[in-house]
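Take a look at the letters that make up each chain.
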Amino acid sequence: MQNNVARISLKRIRKNAEAVKKAAGGSPLIAVVKDDGYGHGGERVALALSGIAYSFAVATVEEGASLRVAGVAEEILVLTPPLCEEEVLRGAYYGLTFTLSSFAVLNVIARAAQKYQLAISAHIAVNTGMNRYGFRPELLARACKEAKEHGVFVTGVYSHLYAPENEAAREEQAALFDRCAQTVQTFFPHAVRHFAATGGVLAGEKYRFDAVRSGIALYGYLPDGFDGMLDVKPAMKVYTHVAQSGTFTGGGVGYAKADQPYRRLQTLRLGYGDGLFREGTERSVGKLCMDAYVREGRNALGRRLLAVKDIQAYAKAHGTIAYEVLCNLAKKAEKIYDE
């Protein structure tokens, strides 16, 4: 088989999750398994974290439905607000918790709930400075009042740090979120407050509120500004295969003229179509092709090799973060799990 292989340790993911909970002082963990568990397989990760995670967060209703079908029983929060009646119906059928982020979203939910007599639960998203999703603070009281009138059962309230490594920014956001959460709890006293993602957990106790919402640390990586602050290890390694190995005869390598004489080159069955960046990777020669790249060395046909040794370093070399590399690199790979 020529499929690239992602070998994933569920045991390591569980250990990482326990490390996050310990760092959070035992606060309930909302495990973020969106975008197929950052490439690790959302369903398998969620099932592996049953009993460790308090609940789960996904990006879309479709992802939440997949978790339910796989047997996940805990609360599943959909972080992207529903855009249409069909999403509300599907989410309600699978018992998902919606994000209530604007009056337009509230209208979509309310119309569907009234039309089909649905019981809807939601967490209110508050915009404290990231300016992605969420009600402005001055609109919260009205939003809560209308949600209550429409029978939407608000079970949580949350926001997101836009620069968790910046103390002044996070302090300002946390203070604003605290005030906003008090407003929400005036209408919905039992609404769970969650504000800290991985960076917020590591920034200190004051950001933890009622629960923490961690993603990247579960998979063995930390956000910028928090390197070395938590003992987590990567849970996934991606392997590819040698498709050709031989002597260089001059001319070009890939689509470019060679800038030096090479003795031996090998072609690996992995390219930008498989989630790498076209500019190159460790030991690659020239730009990558869609489904292959060339590097120095010699190996037997079909031998399995590690695709990227250090995903964090690879991400930084290409001006991005490990999150992007993880999501892309495992997307087409065959996943093999170690319990």
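Quantities reported herein were computed from a predicted structural model and do not represent experimental measurements.

(A) Looking closely at the nonpolar core. By size, the foremost hydrophobic cluster in this structure holds 103 residues, and its most contacted members are Leu49, Phe56, Leu100, Ile124 and Val184. Setting aside residues up to four positions removed in sequence, leucine 49 forms contacts with Ile13, Arg14, Ala17, Ala31, Phe56 and Leu218.

(B) Looking closely at the pattern of salt bridges. Evaluated as defined, the whole model comprises 14 salt bridges. A salt bridge links aspartate 227 to lysine 316; its shortest N-O distance comes to 3.5 Å. Of this pair, aspartate 227 sits in the loop between β9 (212-214) and β10 (236-247) while lysine 316 is found in helix α10 (residues 311-317), placing the two residues 89 residues apart along the sequence. Given the relative accessible area of 47%, aspartate 227 is considered partly exposed. Close ionic contact of lysine 233 with aspartate 231 constitutes a salt bridge, the shortest N to O distance being 3.0 Å. Given the relative accessible area of 38%, lysine 233 is considered partly exposed. Judged by its relative accessible area of 55%, aspartate 231 falls in the exposed class. Taken together, the salt bridges that share partners define one network made up of Arg269, Asp274 and Lys332.

(C) Summary view of the packing of helix α7 (residues 140-149) against helix α8 (residues 167-187). Relative to each other, α7 and α8 sit at 25°, their axes nearing to 9 Å. With respect to α8, the element α7 is oriented roughly parallel. The crossing of α7 and α8 is right-handed. Facing α7, whose interface residues are Leu140, Ala141, Cys144, Lys145 and Lys148, α8 presents Cys180, Thr183, Val184 and Phe187.

Criteria and thresholds
Residues numbered from 1 in each chain as written. Predicted model: local features only at pLDDT ≥ 70, side-chain atom pairs only at ≥ 80, totals over all residues. Heavy atoms only, no water. Core = buried A, V, L, I, M, F, W, Y, C linked by side-chain atoms within 4.5 Å. Buried < 20%, exposed > 50% of the residue type's maximum accessible area, 1.4 Å probe, protein only. Contact = heavy atoms within 4.5 Å. Salt bridge = Lys/Arg side-chain N within 4 Å of Asp/Glu carboxyl O. Helix = DSSP H or I, 4+ residues; strand = E, 2+ residues; numbered from the N terminus. Axes fitted to C-alpha atoms, helices over the stretch in contact; angles between N-to-C directions. Parallel < 35°, antiparallel > 145°, perpendicular 65-115°, else oblique. Left-handed = near helix turned anticlockwise from the far one by under 90°.

Purely geometric numbers; function is a separate question.
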